[in-house]
Amino acid sequence: MENKKAPSFIFGTIAIILGWTLFKHFDFKNLSFEKPWLDGLYMVVFMLSIYILVKNNKKRAEK
């Protein structure tokens, strides 16, 4: 009787916050980020959270 929705909610929240932050930090005129190293870290964590969300969704669909 485990609660499987908690990880999805947490990683979904992380993905939304980091996605919005990356969007705000991106300069569309110069096609660059304000803080490249920090935004690179944000991008890695954003992609990881999206990967985990997709992986959990596929696993849930198989059951």
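Conventions used here
Residues numbered from 1 in each chain as written. Predicted model: local features only at pLDDT ≥ 70, side-chain atom pairs only at ≥ 80, totals over all residues. Heavy atoms only, no water. Helix = DSSP H or I, 4+ residues; strand = E, 2+ residues; numbered from the N terminus. Contact = heavy atoms within 4.5 Å. Buried < 20%, exposed > 50% of the residue type's maximum accessible area, 1.4 Å probe, protein only. Phe/Tyr/Trp six-rings, centres within 6.5 Å; stacked < 30°, edge-to-face > 60°.

Visitor: Tell me about the environment of Phe 46, and name the residues and values.
Guide: Structurally, the position occupied by Phe 46 is in helix 2 (residues 36-62). Sequence separation of Phe 46 and Leu 18 is 28 residues, and the distance between their C-alpha atoms is 6.0 Å. Here Phe 46 is in contact with Ala 15, Leu 18, Gly 19 and Leu 22, once residues within four sequence places are set aside.

Visitor: Mind laying out the environment of Thr 21, listing which residues take part and the relevant values?
Guide: Relative to the elements of secondary structure, Thr 21 occurs in helix 1 (residues 5-25). Judged by relative accessible area, which is 18%, Thr 21 ranks as buried. C-alpha of Thr 21 to C-alpha of Met 43: the two residues are 22 residues apart in sequence and 9.8 Å apart in space.

Visitor: Summarise the packing of aromatic side chains; cite the residues concerned and give the values.
Guide: The tally for this structure, following the rule as stated, stands at 4 aromatic pairs. Taking 5.1 Å as the distance between ring centres and 65° as the angle between the ring planes, the aromatic pair formed by Phe 26 and Phe 33 counts as edge-to-face. Taking the relative accessible area as the measure of exposure, Phe 33 reaches 29% and is therefore partly exposed. Taken together, the aromatic side chains of Trp 20, Phe 23, Phe 26, Phe 28 and Phe 33 make up a single cluster linked through ring pairs.

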